[in-house]
Amino acid sequence: MPVALLLLLLLPGKILLLVPFAPTSLPWEPVCVCAAVCPGVAASTQVCSYQDVLEHLNLTADSSAFRLTRPVLDHRRPTVVQLDIILSAILAVTEKTQTFIPFVWTLMTWTNERISWDPERFCGIRELSVPKSLLWKPDLFIYEMIHKHETATTPYYFMSYNGNVYSEQVMKLVSTCQMDLHKFPFDTQRCNITVGSAIHCVKEMRFIPFSNSTRATQFSREVMLTQGDWDFLQLMVTSRNFSFKDQQWEQIIYTFTMKRRPLLHIINFLLPVLFFLFLDLASFFISDHRGEKLGFKVTVLLAMSVLLLILNDILPSTSNKTPLIATYCIVIFGLMLLSLLEAILVTYLVDLAPPESVGLKEDKQEEAKADAWDGEDRQTSSSSVCRVTTCETEQELLPMAEQVIGADSPESRVTLLILEELRKLQNAVKEQLSGREEGRKCLQWASRINKAFFIFYLAAVSLFLSFIFIEWMR
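All chains use their own residue numbering, which begins from 1 and follows the written sequence. This being a predicted model, a pLDDT of at least 70 is required before a residue's local features are given, and a value of 80 or more before pairs of side-chain atoms are given or counted; all residues contribute to the totals for chains, interfaces and linings. Water and hydrogen atoms were dropped before computing side-chain values, which therefore reflect all heavy atoms in the structure.

Asker: For this particular structure, what's the right way to read the nonpolar core?
Answerer: As a rule of thumb, nonpolar side chains are buried together in soluble globular proteins. Residues belong to one nonpolar core when they are buried, are Ala, Val, Leu, Ile, Met, Phe, Trp, Tyr or Cys, and are joined through side-chain atoms within 4.5 Å. A 1.4 Å probe rolled over the protein chains alone gives each residue an accessible area, and that area as a share of the maximum for its type sets the label: buried under 20%, exposed over 50%, partly exposed in between. Counting residues in each nonpolar core, the largest one holds 81 residues, and the members touching the most others are Met159, Phe256 and Tyr328. Beyond its immediate chain neighbours, meaning those up to four positions away, Met159 contacts Leu54, Leu57, Leu59, Ile115, Trp117, Arg126, Glu127, Leu128, Val130, Leu135, Asn164 and Val165. Counting six residues, the second-largest nonpolar core is a separate cluster that includes Val346, Leu349, Ala353 and Ala446. Residues are treated as being in contact if the distance between any of their heavy atoms lies within 4.5 Å.

Put into C-alpha cells, the structure is as follows:
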C-alpha cells in the first residue's frame with residue numbers, strides 16, 4: 001500500500017506543496033500554491049539605513065558642496081526661507097537700561113536643491129537628521145540683539161527627500177527696546193525683534209513668515225512658561241523691505257505687546273507716597289506753638305526723599321515724555337515742602353507773641369470748655385481793672401503829683417515816692433497790655449494763615465490726585 005508523504009518547502013513569498021498524484025505518474029509532482037503568510041513567517045524585506053541615503057547623496061564630512069555656497073542649481077533663483085518665532089517666556093524687562101530679554105522658540109525651513117532621493121528605493125525613508133556642520137544655513141541676523149545668547153543649541157538639522165531642511169532652536173535673546181514709560185507702572189510696552197539677512201538681498205534670499213499674527217499669538221500663549229511682572233497680549237508679524245546701496249533687503253518684524261502688572265509697584269511705592277501725604281495733611285491738627293508739628297513735617301519730608309531715591313533706580317535717565325509717576329512724586333514733594341514753609345511761618349508768628357498771650361489763650365479755651373459762666377466773670381473783672389488803671393489813675397495821679405511837689409514836708413516826700421512807684425507800675429501795665437494786643441494780632445494772623453493754607457492744600461491735593469489717576473487709567 002503506497003504511503004502518502006507530504007513535504008513543505010518555504011520559498012520567498014510562496015509555499016511549495018509536494019503531494020502524491022498517481023501510481024503511473026512520476027513518484028512526486030510539485031504543485032505551487034500561493035498563500036497569505038503571517039508577519040512572523042513573512043518574507044524578508046530589504047534592509048536600509050540612514051547611511052545609505054547619505055552615501056547616495058555623497059553627503060559626508062569631506063563634501064563641501066552642501067555647505068559652502070547657497071544651495072541652488074541656478075544662481076538667479078532666490079532661496080526662500082520660512083521663519084517662525086514663538087515667545088516661550090518673558091525673562092526680564094529692564095527699564096533703566098531699556099533691554100528686553102525673551103526666551104523664544106525659532107523654527108526655520110528652506111530648500112536645498114542639491115538634496116533629493118526616492119523614498120521607495122530606501123525602504124520608505126522620507127527624512128533624517130544630519131549634523132549642522134554638513135549643510136549650508138541661512139545667515140539669520142537679529143538687528144536688536146546686543147548680547148549673544150547662552151542657550152544650548154540643537155546640533156542637528158532635519159532634511160526630507162524633496163530637499164526641505166528644517167531647523168528648530170530655543171534662544172535667550174538680550175535685545176534693545178525703546179520703552180514708553182509715560183504711564184509707568186500702568187504702561188503697555190511694545191518690543192520688536194527684527195530678523196533678516198546680513199549679506200543676502202531680496203534677489204538672493206526671501207524671508208516669509210510661516211505663521212500669521214493670530215496663529216503666532218495663540219501658539220505663544222499655549223507654550224508660555226513664565227511672564228514675570230507682565231501679561232502677554234499679542235505677537236504681531238509684519239514684513240518690510242528697505243533699500244541700501246541700490247539693493248532691496250527684506251526683514252520680518254516680530255512685535256511683542258505686553259502689559260505690566262502694577263500691583264507690586266502700587267504696594268511698594270504709590271501707596272507709601274500717598275500715606276505720607278495723608279500724614280502731612282493730618283499734621284495741621286497739631287498745635288503750632290509746641291514745636292512737634294515742625295519736627296513731624298521734616299520727618300515726613302525726609303521719608304519722601306528716600307522713596308525718590310528708589311524711583312531714581314527704576315526710571316531711565318532720558319525719556320521722550322516725563323513719566324507720570326515722576327510728576328506724581330515731584331508735585332507731592334512740592335506740596336509737602338510748601339506745607340513745611342507754612343509751618344515755619346506760623347511758628348515764627350506764634351513765637352512773636354508773648355508767652356502770656358499764648359498761655360492766656362489756652363487758659364481761656366480750657367475755662368470756656370469747663371465753665372463758660374465763670375470765664376465771663378473773669379473777663380469782666382479784668383476789663384474793669386484795666387479801665388481803672390489806664391484811665392482813672394492817669395487822670396488822678398497828675399493833680400496829686402502837682403500838689404505834692406508844691407508842698408515841702410516829710411509826708412509829701414513819701415507821697416512823691418509812692419507816686420513815682422505808681423507811675424512806673426502804670427507804664428509797666430501799659431507795656432504789658434500793648435504786648436498782649438500785639439500777641440493777639442500775631443496769633444490771629446497765624447490762625448488765619450493756617451486755615452487758608454489748609455483749605456488750599458486740601459483742594460490742591462484733591463484736584464491733583466484726580467487728574468493724575470485719570471491720566472494713568474486713560
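Having seen the structure, we can now continue with the description.
Asker: Teacher, can you tell me more about the UniProt feature "transmembrane region" (unreviewed entry) in the protein chain here?
Answerer: Those residues carrying the UniProt feature "transmembrane region" (unreviewed entry) are residues 263–282, 294–312, 324–350 and 453–473 in this numbering. Every helix listed is a DSSP run of H or I at least four residues long, and every strand listed is a run of E at least two residues long, numbered separately from the N terminus. Across residues 263–282, helical content stands at 100% and strand content at 0%; the span's end C-alpha atoms are separated by 27 Å. Counting secondary structure, residues 453–473 comes out at 100% helix and 0% strand; the distance between its end C-alpha atoms is 30 Å. UniProt positions are given in the numbering used here, feature names are shortened, and annotations may be inferred rather than shown by experiment.

Asker: What exactly am I supposed to notice about the packing of aromatic side chains here?
Answerer: Note on aromatic pairs: each is described by the distance of the centres and the angle between the planes. Side-chain rings of Phe, Tyr and Trp, where Trp is taken by its six-membered ring, are said to pair if the distance between their centres is within 6.5 Å; with planes under 30 degrees apart they count as stacked, over 60 as edge-to-face, and otherwise as tilted. The final tally for this structure, using the stated rule, is 14 aromatic pairs. When the ring of Trp105 is compared with that of Phe219, the centres are 5.6 Å apart and the planes differ by 55°; the resulting orientation is tilted. Placement of Trp105 in strand E5 (residues 99–111) and of Phe219 in helix H2 (residues 213–223) is noted, with a sequence separation of 114 residues between them. Each member of the aromatic cluster is reached from another via a ring pair, and the members are Phe284, Phe285, Phe453, Phe454, Phe456 and Tyr457. Taking NZ or CZ as reference, Lys297 lies 4.4 Å from the ring centre of Phe284, over its face. Two conditions define a charge sitting above a ring: the NZ of Lys or the CZ of Arg must be within 6 Å of the ring centre, and it must be within 35 degrees of the ring normal.

Asker: Help me understand helix H1 (residues 50–57) in this model?
Answerer: Note on helix geometry: an α-helix contains 3.6 residues per turn, so any two residues three or four positions apart are oriented the same way. Within H1, the full set of buried residues consists of Val53, Leu54 and Leu57. All buried residues of H1 fall inside an arc of 95° around its axis, so they share one side. Following H1 by one or two positions, Asn58 has its phi on the positive side, about 60°. An arc is given here, and it is the one of the directions from the helix axis to the C-beta atoms.

Asker: I'm lost on H2 in this one. Help?
Answerer: Within H2, the full set of buried residues consists of Ser213, Ala216, Thr217 and Ser220. Take H2 and look down its axis: the buried residues cluster within an arc of 100°, on one side only. In H2, those exposed residues whose orientation departs by more than 90 degrees from the buried face are Thr214 and Glu222. Buried residues belonging to H2 abut strand E4 (79–94) and strand E14 (230–243).

Asker: What is the right way to read the pattern of salt bridges from this model?
Answerer: Side chains that differ in sign of charge can pair as their charged atoms come close. The working definition used for a salt bridge is a side-chain nitrogen of Lys or Arg within 4 Å of a carboxyl oxygen of Asp or Glu. Enumeration over the complete set of coordinates arrives at eight salt bridges. Lys297 is paired through a salt bridge with Asp280; the nearest N and O atoms lie 3.3 Å apart. Residue Lys297 is located in helix H4 (residues 292–314), and its partner Asp280 is located in helix H3 (residues 263–282); the two are separated by 17 residues in the primary sequence. Each member of the pair Lys297 and Asp280 is classed as buried.

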